[in-house]
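Next come the chains, spelled out residue by residue.
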Amino acid sequence: MRVLVVEDERMLAGAIAEWLREETHAVDLAHDGEAALERIAVNDYDVVVLDRDLPRVHGDDVCRELVASESDARVLMLTAAAQLDDRVTGLSIGADDYLSKPFAFPELAARVLALGRRSRPAVPPVLRRAGITLDPARREVFRSGRFVPLSKKEFAVLAELMRANGNVVSAEQLLEKAWDEHADPFTGAVRLTILKLRRKLADPPVVETVPGVGYRIA
């Protein structure tokens with residue numbers, strides 16, 4: 001999934017991003033509300049992890065802008081305030097979930113994964129297609145009962161193809177969901193990852209190239 005982390009405490013922001021990347025998500029960072037709105041305007045995020053007390057543009061206003069734009073992104077709001085009124089306010093302006101600081105990183109990661117499922121058409125928690133079983137929570141892949149060890153990017157690309165349920169996914173869509181904003185679209189990273197994925201999944205081939213369009217698992 002593509003996640004935007006908006007947090008003005010840079011060390012905390014970096015720690016959140018690192019943890020989520022370990023969970024195979026593509027993560028962008030913003031350290032103030034203005035930068036967050038700029039990124040939201042140009043990128044399609046599944047989840048926005050949003051600190052409430054931000055400089056330049058307050059987190060509440062970022063959340064309102066996101067809701068007004070009719071984005072499909074889900075908002076997990078972070079705050080040092082633990083009072084009921086603060087949680088109610090955050091949820092009432094459009095946040096989908098609320099997490100008070102300090103928090104446990106595994107809980108944050110689980111909430112991000114749950115929100116990401118809500119931002120897309122409903123899919124089962126464990127994905128199965130063409131003899132492949134992919135478990136996002138455990139980050140495990142099996143083909144015909146055989147465990148398939150994948151890198152983070154290979155796992156993220158396969159997850160996007162599995163979620164597409166047989167539909168074609170373009171290289172641009174894969175780049176958007178599995179890489180962050182620093183990815184160079186001209187590096188051939190998607191093509192190389194697909195080649196490695198095919199090799200690890202072994203025969204018979206299941207990842208099909210649709211010339212000029214993208215890839216799919218039929």
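Every value quoted in this text rests on a predicted model; they were computed, and no experiment measured them.

Participant: Can you explain the overall build of the chain? Please cite residues and give values.
Facilitator: Across its full length, the chain carries eight helices and 11 strands. Overall size of the chain, expressed as C-alpha extent along the three principal axes, is 55 × 35 × 30 Å. Within the span of the chain, comprising 218 residues, buried residues form 45% of the whole. Contacts in the chain between residues at least 24 apart in sequence constitute 60% of all its contacts with a sequence separation of at least 6. Only carbon and sulfur atoms are counted for the fraction: they give 52% of the accessible area of the chain, which is about 11000 Å². Each charge class in the chain can be summarised by its mean position, and for the 30 positive and 35 negative side chains these summaries are 9 Å apart.

Participant: Could you give an account of the sheet that holds strand β3 (residues 47-51), naming the residues involved and the relevant values?
Facilitator: The sheet built from five strands is open, its strands ordered β2-β1-β3-β4-β5 with parallel pairing. The open sheet is flanked by β2 (26-30) and β5 (97-100), the only strands paired with a single partner. Geometrically, the sheet is characterised by an average inter-axis angle of 20 degrees between neighbouring strands, direction not taken into account. Note that strand β1 (residues 2-6) and β2 share five bridges and pair parallel. Looking at β2, one finds that Arg2 is bridged to Ala26.

Participant: Mind laying out helix α7 (residues 171-178), listing which residues take part and the relevant values?
Facilitator: Buried within α7 we find Leu174, Leu175, Lys177 and Ala178. Against the buried residues of α7 lie β1, β2, α6 (152-163), α8 (189-201) and β11 (214-217).

Participant: Give a description of the pairing of β1 that names residues and reports values.
Facilitator: For β1, the buried fraction is high: five of the five residues fall into the buried class. Covered by surrounding structure in β1 are Arg2, Leu4 and Val6 together with Val3 and Val5, the residues of both alternating faces. Where the polypeptide runs from β1 across helix α1 (residues 10-22) and back to β2, its parallel neighbour, the crossover connection is right-handed. Note: β1 against β3, four bridges, orientation parallel. From the neighbouring strand, Val3 faces β3, where its bridge partner is Val47.

Participant: Tell me about the packing of aromatic side chains, and please be specific about residues and values.
Facilitator: Evaluation of the coordinates by the stated rule reveals three aromatic pairs. Each ring, one from Trp19 and one from Phe105, has its centre 5.5 Å from the other, and the planes form 20 degrees; the classification is stacked. Taken together, the residues span a long stretch of sequence, with Trp19 in helix α1 and Phe105 in helix α5 (residues 105-118) at a distance of 86 residues. Owing to a relative accessible area of 35%, Trp19 belongs among the partly exposed residues under this scheme. A residue is classified by how much of its surface remains accessible, and Phe105, at 23% relative accessible area, is partly exposed. For the ring pair Phe142 and Phe147, a centre distance of 5.6 Å and an interplane angle of 65 degrees mean the geometry is edge-to-face.

Participant: Can you tell me about helix α3 (residues 59-68), naming the residues and giving the values?
Facilitator: Every buried residue of α3 is accounted for by Gly59, Asp60, Val62, Cys63 and Leu66. Buried residues of α3, seen end-on, are gathered within an arc of 160 degrees and therefore sit on one face of the element. Immediately beyond the C-terminal end of α3, within one or two residues, lies Glu70, with a positive phi of roughly 60 degrees.

Participant: How would you summarise the environment of Asp96 if you had to cite specific residues and measurements?
Facilitator: Relative to the assigned elements, Asp96 resides in the loop between α4 (84-92) and β5. Relative accessible area serves as the criterion here: at 24%, Asp96 is assigned to the partly exposed category. Spatially, the C-alpha atoms of Asp96 and Leu76 are 6.0 Å apart, while their sequence positions differ by 20 residues. Discounting residues that sit within four places of it in the chain, Asp96 has contacts with Ala73, Arg74, Val75, Leu91, Leu115 and Arg118. Engagement of the side chain of Asp96 in a polar contact is seen with the side chain of Arg74, the distance being 3.3 Å. Within the local environment of Asp96, its side chain forms a polar contact with the backbone nitrogen of Val75, the two atoms lying 2.8 Å apart.

Participant: So what about the domain arrangement of the chain? Which residues, and what values?
Facilitator: In terms of domain boundaries, the chain breaks down into domain 1 (2-117) and domain 2 (127-217). On a C-alpha basis, the centroid separation for the pair domain 1 and domain 2 is 27 Å. Contacts between the two partners involve 14 residues from domain 1 and, on the opposite side, 12 residues from domain 2. Considering only the surface of domain 1 that becomes buried against domain 2, Arg2, Glu22 and Thr24 emerge as the three largest contributors, covering 40% of it. In this structure, the connection of domain 1 to domain 2 is made through five salt bridges. Across the pair Arg2 and Glu176 runs a salt bridge, and its minimum N-O distance is 3.1 Å. Taken together, domain 1 and domain 2 are joined by five residue pairs in polar contact (both at pLDDT 80 or more). Counting only elements with at least two residues in the side of domain 1 that touches domain 2, the list comes to α1 and β2. Looking at the side of domain 1 that touches domain 2 residue by residue, the class counts come to four nonpolar, two polar and eight charged.

Definitions and limits used
- Residues numbered from 1 in each chain as written.
- Predicted model: local features only at pLDDT ≥ 70, side-chain atom pairs only at ≥ 80, totals over all residues.
- Heavy atoms only, no water.
- Helix = DSSP H or I, 4+ residues; strand = E, 2+ residues; numbered from the N terminus.
- Buried < 20%, exposed > 50% of the residue type's maximum accessible area, 1.4 Å probe, protein only.
- Contact = heavy atoms within 4.5 Å.
- Areas by Shrake-Rupley, 256 points an atom, 1.4 Å probe, with all protein chains shown as cover.
- Lys, Arg positive; Asp, Glu negative; His and termini not counted.
- Charge placed at Lys NZ, Arg CZ, Asp CG, Glu CD.
- Pairing = 2+ DSSP bridges.
- Axes fitted to C-alpha atoms, helices over the stretch in contact; angles between N-to-C directions.
- Right-handed = clockwise from strand over helix to strand, strands pointing away.
- Phe/Tyr/Trp six-rings, centres within 6.5 Å; stacked < 30°, edge-to-face > 60°.
- Arc of directions from axis to C-beta.
- Polar contact = N/O pair within 3.5 Å; in protein donor to acceptor, adjacent residues only side chain to side chain.
- Domains from an automatic or database assignment.
- Buried area = accessible area lost by both parts, 1.4 Å probe.
- Salt bridge = Lys/Arg side-chain N within 4 Å of Asp/Glu carboxyl O.
- Nonpolar A, V, L, I, M, F, W, Y, C, P; charged D, E, K, R; others polar.

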